[in-house]
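Each chain, letter by letter, is given below.
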Amino acid sequence: MNGLTAWMEKHILPVAAKIGAQKHLVALRDAFIGTMPATMAGSVAVMINAIIRDLPQQFISTYADSLAADKGFFAVLNVIIGINGFVWNGTLAIAGLIFAFSWGYNLARAYGVNDLAGGIVGLATLIQGIAFGPSLSAALNVDVPANVAEAINNSGVGATVADGTLSVGLWGWLNLNHLNGNAYFTVMIMGAISVIIFCKLMLADITIKMPDSVPPAVSKAFAAILPATIALYVIAIINYVVGRFTDGQLIIDLVQKYIAEPFLGLSQGIGAVLIVTVFVQIFWFFGIHGPNVLAPVLEGIWGQAQLINIDIFQKGYNGKTGTPAVLDAIEDGKAYMWVRGSFDAFAWFGGSGGTIVLLIAILIFSKRADYLTVAKLSIGPGLFNINEPVMFGLPIVLNAIMFIPFLIAPVVATAIGWVATYLGLVAPVSQQVTWVVPPFLLSFLATGADWRAPIVTLVCMVVTFLIWAPFVIAANKMDPNAGEQ
């Protein structure tokens, strides 16, 4: 076992450390973290709606009709639902837009240049490449009364009727499907191109120089003009060329079709889910925060899938809302069974590795004074999924006897959660719940208040406990003072 640890320290630790320090990946991780104030606010709004609008419908057949009647107590609920809708409009509905700014800001910061200008360049990069409203011309094949045609023509909505033909040109109507979580892959690719060009030009000092007497804020803004202009023109040329060679298709649609959807599809397989679980544990074993290092993968792929589920849960699909809408969308390939929050709900209770279960096993079976002391101090933070005290206090980091259960337990728990979700034994995760929420409550809320979710979490915890327990018992034999407490 010590030989395995030594081999991993020699061959894997240096690679893990380099990945953890790579500035572009660090910037991408920080960009995802930077969106949390908005995404969490939106998630709270959607979660409240799930509890007061969708959950009761599972148990009360007349609840939807009472809600639609909008009287008395239900009128108050509709006010709350409406307010939550406004919060969603400004957060999750435009999550891609928020991420575009955060990505540009953090990438420019990583290069040590004007971060605010970098965020603006990232934001402008996304906006210049999205649809500004549909346009169509269609024969109506029906006689439209003159007064109706006149009303349509004078409506100001961009629709006209002439000679039996309806023409619609809704320029200026931004496509929300280009501004929500669907934009993530395009933002990561096109935003990286534009902001890196901006940063390189700034570092090369290809800027507009201002006299020293000019206020610093003005001088910084002018210095960013030339690099930002060049970067945005490069993106504009790319957008134009791609449109000409693809019969007017937008890059964001092409990226979604040929990059995002295949990646998201691959992410749903048990193999991909378990591979990323293993790597999270390996990073943690060396004291490197696994979820943070792998945030570009976890958030960029499974995080986007989760945002799509949340979006569908809120706005509906096929005339349904809530979990039924998500399930219908999954059937049509428009939503996802396994998302970022699924790991937290079914495998990372107490933190990566299911360490709250380890603490319980120590309190029951351990005879080591050091283990018991750490467990008593760590159980409180562990209830809120904070596992640094046990990771570095026990420690689990570079602890040979703990490596096998630390690697295997979350893999088994993840597999159980994946199977349960795919068999329909529990609803897919459709809410974003802050990671400090205690385990059973977290899975309940994350699945749109599915009462079966805590049961699946309990099964995963029991199995994880059975994996951890033998190694805790074995650790007693490694302590020469065992039993002398």
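This structure is a prediction, so every number in the text was calculated from the model and none was measured. (Residues numbered from 1 in each chain as written. Predicted model: local features only at pLDDT ≥ 70, side-chain atom pairs only at ≥ 80, totals over all residues. Heavy atoms only, no water.)

**Quick word on the nonpolar core**
Here is the rule we go by: Nonpolar cores were defined as sets of buried Ala, Val, Leu, Ile, Met, Phe, Trp, Tyr and Cys residues, with membership established by side-chain atoms within 4.5 Å. Throughout this description, buried means an accessible area under 20% of the type-specific maximum (1.4 Å probe, protein chains only), exposed means over 50%, and partly exposed covers the range between. Boundary definitions for the domains trace back to an automatic or database domain assignment. Working rule for contacts: check all heavy atoms of both residues, and any pair within 4.5 Å makes them a contact.
Counting residues in each nonpolar core, the largest one holds 116 residues, and the members touching the most others are Phe99, Trp103, Leu126, Phe198, Leu358 and Leu394. Counting only domains with at least three residues in this core, you end up with domain 1 (96-131 + 174-268) and domain 3 (278-476). Setting aside its immediate chain neighbours within four residues, Phe198 contacts Val113, Asn114, Ala117, Gly118, Val121, Ala224, Pro227, Ala228 and Ala231.

**Thoughts on the packing of aromatic side chains**
Under the convention used in this document: For Phe, Tyr and Trp, where Trp contributes only its six-membered ring, two rings pair if their centres lie within 6.5 Å, and the inter-plane angle classes them as stacked under 30 degrees, edge-to-face over 60, or tilted in between. Whether a charge lies above a ring is judged from NZ of Lys or CZ of Arg, which has to be within 6 Å of the ring centre and within 35 degrees of the ring normal.
Scanning the entire structure with this criterion turns up 16 aromatic pairs. Note on Phe73 and Phe74: the rings are 5.7 Å apart at their centroids and 70 degrees apart in plane angle, and the pair reads as edge-to-face. A ring pair is formed by Trp338 and Phe343, whose centres lie 5.5 Å apart and whose planes are at 85 degrees; its orientation type is edge-to-face. The class of Phe343 is buried, set by a relative accessible area of 0%. Connected via pairs of aromatic rings, a cluster forms that spans Trp302, Trp338, Phe343, Phe346 and Trp348. Taking the ring centre of Tyr111 as reference, the NZ or CZ of Lys23 above it sits at 3.9 Å. Taking NZ or CZ as reference, Arg368 lies 4.1 Å from the ring centre of Tyr371, over its face.

**Quick look at the confidence of the model for the protein chain**
Under the convention used in this document: The predictor reports its confidence for every residue as pLDDT, a score running from 0 up to 100. Counting from the N terminus, the helices are the DSSP runs of H or I reaching at least four residues and the strands are the DSSP runs of E reaching at least two.
Within the protein chain, residue pLDDT values average 86, and 89% of them lie at 70 or more. Here strand E1 (residues 135-139) stands out as the least confident element of the protein chain, with mean pLDDT 54; helix H8 (residues 115-127) is the most confident, with 95.

**What about a nonpolar patch on the surface?**
The cut-off we apply is this: Two joining distances apply to patches: 9 Å for like charges and 5 Å for nonpolar side chains (Val, Leu, Ile, Met, Phe, Trp, Tyr), and every residue must have over 30% relative accessible area and no salt bridge. Under the convention used here, a 1.4 Å probe and the Shrake-Rupley method define accessible areas, while residue burial counts only the protein chains that appear. We define a salt bridge as a side-chain nitrogen of Lys or Arg found within 4 Å of a carboxyl oxygen belonging to Asp or Glu.
The grouping of Ile33, Met36, Leu383, Phe384, Ile386, Trp435 and Val436 at the surface amounts to a nonpolar patch, some 580 Å² of accessible area in total. In this structure, Ile386 sits in the loop between helix H19 (369-383) and helix H20 (388-393). A residue is classified by how much of its surface remains accessible, and Ile386, at 32% relative accessible area, is partly exposed.

**So, the pattern of salt bridges**
A full pass over the atoms with the stated rule returns eight salt bridges. Close ionic contact of Lys320 with Asp328 constitutes a salt bridge, the shortest N to O distance being 3.1 Å.

**Section: the packing of helix H3 (residues 23-34) against helix H15 (residues 295-315)**
Our working definition: Each axis is a line fitted through C-alpha atoms, taken for helices only over the stretch in contact, and angles between the N-to-C directions span 0 to 180 degrees. Here is the rule for angles: anything less than 35 degrees is roughly parallel, anything more than 145 is roughly antiparallel, 65 through 115 is roughly perpendicular, and the remaining ranges are oblique. Rotating anticlockwise by less than a right angle from the far helix to the near helix defines a left-handed crossing, while the corresponding clockwise rotation defines a right-handed one. Under this grouping Gly is polar, as are all residues other than the nonpolar Ala, Val, Leu, Ile, Met, Phe, Trp, Tyr, Cys and Pro and the charged Asp, Glu, Lys and Arg.
Relative to each other, H3 and H15 sit at 45 degrees, their axes nearing to 9 Å. Considering the angle they form, H3 stands oblique to H15. Here H3 and H15 pass one another in a crossing that is left-handed. Counted together, Leu25, Leu28, Arg29 and Phe32 of H3 and Ala295, Pro296, Glu299 and Gly300 of H15 form the full contact between these two elements. Taken together, the residues of the contact of H3 with H15 break down into five nonpolar, one polar and two charged.

**Details of the environment of Val187**
With respect to the helices, strands and loops of the structure, Val187 is situated in helix H10 (residues 184-203). Once the C-alpha coordinates of Val187 and Gly104 are considered, the two residues, 83 residues apart in sequence, prove to be 9.1 Å apart.

**Section: the side chain of Asn180**
The topology assignment puts Asn180 in the loop between strand E3 (165-169) and H10. Asn180 sits in the buried class, given a relative accessible area of 5%. Residues contacting Asn180, with those up to four places away along its chain left out, are Leu92, Ala93, Ile94, Ala95, Gly96, Asp311 and Lys315.

**Considering H19**
Put simply, the rule is: Expected helix span is given by 1.5 Å per residue-to-residue step, counting one fewer step than there are residues. Axes are fitted to the seven residues ending at a residue and to the seven starting at it; the angle between these axes is taken as the bend at that residue.
When the terminal C-alpha atoms of H19 are compared, their 22 Å separation across 15 residues agrees well with the 21 Å that a helix rising 1.5 Å per residue should span. The largest bend in H19 comes to about 35 degrees, at Leu377, with the proline Pro381 one to four residues further on. Against helix H18 (355-365), H20, helix H21 (400-422) and helix H23 (453-476) lie the buried residues of H19. Remark: Asn385 follows H19 within two positions and exhibits a positive phi of approximately 65 degrees.

**What about unusual backbone geometry?**
In this structure, Pro395 follows Leu394 across a cis peptide bond, with omega equal to -10 degrees. In this fold, Pro395 is placed in the loop between H20 and H21.

**Comments concerning helix H13 (residues 270-285)**
Its 16 residues place the ends of H13 23 Å apart at the C-alpha level, agreeing with the 22 Å of an ideal helix rising 1.5 Å per residue. For H13, the set of buried residues is Val273, Val276, Thr277, Val280, Gln281, Ile282, Phe283, Trp284 and Phe285. In the stretch just after H13, Gly287 is the one whose phi turns positive, near 80 degrees.

**Here's the deal with the side chain of Ser43**
Where we set the bar: In protein, a polar contact means a hydrogen-donor-capable atom and an acceptor-capable atom, both N or O and within 3.5 Å, with residues adjacent in sequence counting only if both atoms are side-chain atoms; elsewhere, any N or O pair within 3.5 Å suffices.
Its place among the elements puts Ser43 in helix H4 (residues 36-54). On the basis of relative accessible area, Ser43 is assigned to the buried category, the value being 0%. Separated by 2.6 Å, the side chain of Ser43 and the backbone oxygen of Thr39 make a polar contact.

**Digging into the packing of helix H22 (residues 439-446) against H23**
The contact between H22 and H23 brings their axes to 8 Å, and the two run at 135 degrees. Relative to H23, H22 is oriented oblique. Considering the relative orientation of H22 and H23, their crossing is right-handed. Contacts between H22 and H23 involve Phe440, Ser443 and Phe444 from the first element and Ala453, Pro454, Thr457, Leu458 and Met461 from the second. Looking at the contact of H22 with H23 residue by residue, the classes come out as six nonpolar, two polar and no charged.

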